[in-house]
Every structure is written in C-alpha cells, then in structure tokens.
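# Remarks on the overall topology
Below, each chain spelled out in residue letters.
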Amino acid sequence: MHELSVTENILAIASKHAQESGATRVTAINLVIGQLSSIVDDSVQFYWDMISENTICSGSVLHFNRIPATFRCNDCKHEYQLDTLLSPCPSCGSLRNEIIAGEEFFLDSIEIEK
Amino acid sequence: MSAIRVPVVEKIFSANDRMADINRIRLHNKKMFSINLMASPGAGKTSFILETIKHLSAVYRIGVIEGDTAPVTIDADKIIESGMPAVQINTGGDCHLDASMVSDGLDQLPLDTIDILIIENVGNLICPAAWDLGTDLKLLVASVPEGDDKPYKYPNIYRGLNVLVINKTDLLDYVDFNMDYFRQGVEMLNPGLVTFPVSCRTGDGFTAWIDWLKDKVEAVKSA
C-alpha cells in the first residue's frame, strides 16, 4: 500500500505527543491495526528506522497489535473470525454479513523517558 | 529509568481526515457537488468524465482535478478541450491523492463558477480507498475487460463506495465476464450499492447515471 505515508503520519503523531508530555526520548510506539488494513508491518518498521533517525523517536520500537477480522452474520447473528472478506457464514452459509472488528488503524500509546 | 506510557489514541490518518473535513466544508459553502472518482488504470475514468460533461455541459459547469503520478497533462488537456476548467495534480509518484493535494487543486480552480467537482484519482484499486478527500461521493469505474473477479481481489475499495459504474459494457460479448459473479461479490461487500452499467464508447446507460446525478446536484444546491 502506501507504507511511507503511513509511517510519516505515525512519526508526526508520536512526536507531537512526546513533546507535549515533556519526553526526552520515545522508546516504543504501540499501534492497533485491524487485520483488514492492508499494511505490511515489516515495511512500516523499515521506513520507521530511516525516518525516525535524529528525531525524539530515534531508536524506538514499533509494536503492532493486530486485531483479527470479526464478522456478524445478518441472518443467523453468528459471530465469527476469518482472515478474508467475502466468505459465507460458517454456521448458516449466508453471504450477508457485517464487519464488527478488524478495521482499526490508530496509534494507541507511546512509551517515553523523561 | 523506567518508561512512562502516554495514552494517545489517535487515528493514523487523522491529519488527512482533518484536511478532508476542511475540503468538505469549503465545497459545501460553494454549494458544489463533489465526486472522488477511482478506478484501475485504463478503466475509462477520463472517458467517463468527458461523456458526463457532454451530457451536462448545457446545464452545469464541471470542474476537474486530475491526479497523475507523472507530470503529463494528457487527461487535463482533454477536459480543457471540452471547455471545462481542469487542474492537474502531480503526486510525484505517490499511489493516491490525499486531502491536502485536493486542497491545493481547489486553490487553482474557479470555484464560484463550478456546480460539480470531479476528482480523478490515481489509477489504482488499493491506495485511494484509504484516503478521504472530503467529497460527497466515492465512485468507482470498473470495466468489463478487467475481469469479474475484481471485487474479490480488491474488497476494500468496493466496501467504501457510494456508486459503482461498470464501463465498457459494449465488450460483454467479446470477453469472459460473468456479470452475476461480479455483482454477487459487490453485493457481499456493499449491499444495495447504486450501480450503473455504461459504455462510454456508445453512450449506453448514461441516461440513468445523468438523471441520478442531477438529483444529487440539485439537492446540494438547494441545501
């Protein structure tokens, strides 16, 4: 996808919050990413090491909390987890479902030293 | 020294979303109806815009922002030739338009004279889906020769749409495109999605699309 833009956004958000908290250094970034977001963790980490150099986030580690995709069947109300969209309900075979988790895409917290 | 955890809970695209909200307000203040037009390369995005202009040029002014990854003005030139204002945004190789690029594009268009804004996104079925531009509508131009498996292979873009156009229906007799299979995938991802099968080459199907669009434009004008 567009991992460089994503990584730049993460750096901007993390740096802003680090400065507001009076941090001298950021040690870790905790991200929550739903399984349905087409983001490649390794690629974000690769860009992170490059673009965070010489910033308050230099040397920090990215933690990815991947949320599994969870669906609810609109017909039998069964809730189930799958890695792909477009799969019928394993309980009744219905094709009508909605996503109830797996689309998360946010920076949850940072770990800092003062 | 032990690390202190600082809660943030901020969407990674929050900067883009804020800019998209600014665009949205700006467009609504001008009573303009706006469309983020997405498609794979070669699906007929520019042809679809030109055909739409042809049907509506007597009634509305249509402004176009052309997103391209390279500094070529082929698409923008065609729009200007049709008599409508167009501006080209070169993304410098980026795979999508974002809200801030659109804001730059708006600065260069005569907004007071425009009734409909069409933003032709970069030809790509993955990245444009993730970036809100602040438009009223997200529209995808799919096309018959691309194959009937595209909703299954690129589900994210189909899920966020308000309108789907299926272009090049004049080629249905010549390619193996199973419309039922295609539409079943779309229905699972985006139940009840408004869909217009058209052919930009023959003009087939445009009446339904144009009538639908006129209603939307008028609703924004009288809001």
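See the structure above.
As a starting point, this report considers the structure included with it. (Residues numbered from 1 in each chain as written. Chains lettered and ligands numbered in written order. Predicted model: local features only at pLDDT ≥ 70, side-chain atom pairs only at ≥ 80, totals over all residues. Heavy atoms only, no water.)

## A short note on helix 1 (residues 3-20) of chain A
Every α-helix winds through 3.6 residues per turn, so residues three or four apart in the chain are directed the same way. Over its 18 residues, helix 1 of chain A runs 26 Å from end to end, which matches the ideal 26 Å to within 8%, given 1.5 Å per residue. Buried within helix 1 of chain A are the following residues: A:Glu3, A:Ser5, A:Val6, A:Thr7, A:Asn9, A:Ile10, A:Leu11, A:Ile13, A:Ala14, A:Ser15, A:His17 and A:Ala18. Tucked inside the fold, the buried residues of helix 1 of chain A contact strand 1 (25-34), helix 2 (41-51) and strand 6 (105-113) of chain A together with strand 1 (4-11) and helix 1 (14-29) of chain B. Of the residues one or two after helix 1 of chain A, A:Gly22 is the one with positive phi, at around 70 degrees. (Helix = DSSP H or I, 4+ residues; strand = E, 2+ residues; numbered from the N terminus. Expected span 1.5 Å × (residues − 1). Buried < 20%, exposed > 50% of the residue type's maximum accessible area, 1.4 Å probe, protein only. Contact = heavy atoms within 4.5 Å.)

## Looking at the sheet that holds strand 3 (residues 62-68) of chain B
Residues and elements named next belong to chain B. Spatially, 4-3-5-2-6-7-8 is the arrangement adopted by the 7 strands of the open sheet, whose pairing is parallel. At either end of the open sheet lies a strand with only one pairing partner, and these are strand 4 (86-90) and strand 8 (194-197). Neighbour-to-neighbour, the strand axes of the sheet open up by a mean angle of 20 degrees, direction not taken into account. Alignment of strand 3 against strand 5 (residues 116-120), held across 5 bridges, turns out to be parallel. For Glu66, the partnering residue across the bridge sits in strand 5 and is Glu120. Sheet contacts for helix 4 (residues 99-107): strand 3, strand 4 and strand 5; angle to strand 4, the most-contacted strand, approximately 145 degrees. Packing against the sheet, helix 8 (residues 206-221) makes contact with strand 2 (33-39), strand 5, strand 6 (137-143), strand 7 (163-167) and strand 8, and its axis sits at approximately 140 degrees to strand 2. (Pairing = 2+ DSSP bridges. Axes fitted to C-alpha atoms, helices over the stretch in contact; angles between N-to-C directions.)

## Observations regarding the sheet that holds strand 4 (residues 79-81) of chain A
Residue and element names in this part refer to chain A. Taken in spatial order, the 3 strands make up an open sheet running 4-3-5, and their pairing is antiparallel. Two strands lie at the open edges of the sheet, namely strand 4 and strand 5 (97-101), each paired on one side alone. Within this sheet the neighbouring strands show an average axis-to-axis angle of 35 degrees, counted without direction. When strand 3 (residues 70-73) meets strand 5, the two strands line up antiparallel, connected through 4 bridges.

## Things to note about the pattern of salt bridges
Side chains that carry opposite charge are capable of pairing whenever their charged atoms lie near each other. All names here are of chain A. Following the criterion strictly, the structure yields 18 salt bridges over all chains and no others. The partner of Asp41 in a salt bridge is Arg66, with the nearest N and O atoms 2.7 Å apart. Of this pair, Asp41 sits in helix 2 while Arg66 sits in strand 2 (residues 61-67), placing them 25 residues apart in sequence. Given a relative accessible area of 23%, Arg66 falls into the partly exposed group. Of the charged contacts in the structure, one is a salt bridge between Glu98 and Arg72, with a shortest N-O distance of 3.7 Å. With Glu98 in strand 5 and Arg72 in strand 3, the pair connects residues that are 26 residues apart, well separated along the chain. (Salt bridge = Lys/Arg side-chain N within 4 Å of Asp/Glu carboxyl O.)

## Considering the interface of chain B and chain A
The interface is formed by 31 residues belonging to chain B together with 32 residues belonging to chain A. Both sides together, the interface formed by chain B and chain A hides about 2700 Å², and carbon and sulfur atoms give 64% of it. Viewed at the interface, chain A and chain B are joined by 4 salt bridges. Across the pair B:Arg5 and A:Glu111 runs a salt bridge whose closest N-O atoms are separated by 3.6 Å. Seen at the junction of chain B and chain A, the total is 14 residue pairs in polar contact (both at pLDDT 80 or more). Only strand 1, helix 1, helix 5 (150-153), helix 6 (155-159) and helix 7 (179-189) of chain B provide two or more residues apiece to the side of chain B that touches chain A. Looking at which element gives the most residues to the side of chain B that touches chain A, the answer is strand 1 of chain B, with 8 residues. A breakdown of the residues in the side of chain B that touches chain A according to their chemical character gives 20 nonpolar, 6 polar and 5 charged. Two strands pair when backbone bridges link them, and strand 6 of chain A and strand 1 of chain B are joined in this way by 6 bridges, in the antiparallel orientation. (Buried area = accessible area lost by both parts, 1.4 Å probe. Polar contact = N/O pair within 3.5 Å; in protein donor to acceptor, adjacent residues only side chain to side chain. Nonpolar A, V, L, I, M, F, W, Y, C, P; charged D, E, K, R; others polar.)

## Overview of the state of the cysteines
The bond known as a disulfide is covalent and runs between the sulfur atoms of two cysteines. Taken as a whole, this structure holds 0 disulfides over all chains when the rule is applied. A:Cys73 takes part in no disulfide bond, and the closest cysteine sulfur, belonging to A:Cys92, lies 3.7 Å away. With no disulfide of its own, B:Cys95 lies closest to B:Cys127 among cysteine sulfurs, the gap being 3.2 Å. (Disulfide = S-S within 2.5 Å.)

## Comments concerning the packing of helix 2 (residues 45-56) of chain B against helix 3 (residues 74-81) of chain B
All names here are of chain B. It is at 10 Å that the axes of helix 2 and helix 3 come closest, and there the two elements cross at 10 degrees. Judged on the interaxial angle alone, helix 3 and helix 2 are roughly parallel. Residues Thr46, Ile49, Leu50 and Ile53 of helix 2 touch helix 3, and the partners they reach there are Asp75, Lys78 and Ile79. Of the residues that constitute the contact of helix 2 with helix 3, the class distribution is 4 nonpolar, 1 polar and 2 charged. (Parallel < 35°, antiparallel > 145°, perpendicular 65-115°, else oblique.)

## With respect to the side chain of B:Asp17
Residue and element names in this part refer to chain B. Position of Asp17 relative to the elements: it lies in helix 1. The class for Asp17 is buried, based on a relative accessible area of 19%. Aside from chain neighbours lying at most four places away, what touches Asp17 is Lys11 and Asp132.

## Topic: the packing of aromatic side chains
Residues and elements named next belong to chain B. Taken as a whole and assessed by the stated rule, the structure comprises 12 aromatic pairs over all chains. Both rings, one in Phe48 and one in Phe206, keep their centres 5.6 Å apart while their planes meet at 40 degrees; by these two values the pair is tilted. Here Phe48, found in helix 2, pairs with Phe206, found in helix 8; they are 158 residues apart in sequence, far enough to count as distant. When sorted by exposure, Phe48 lands in the same class as Phe206, which is buried. By the ring-pair criterion, three or more aromatic residues cluster together here, those being Phe48, Phe196, Phe206, Trp209 and Trp212. (Phe/Tyr/Trp six-rings, centres within 6.5 Å; stacked < 30°, edge-to-face > 60°.)

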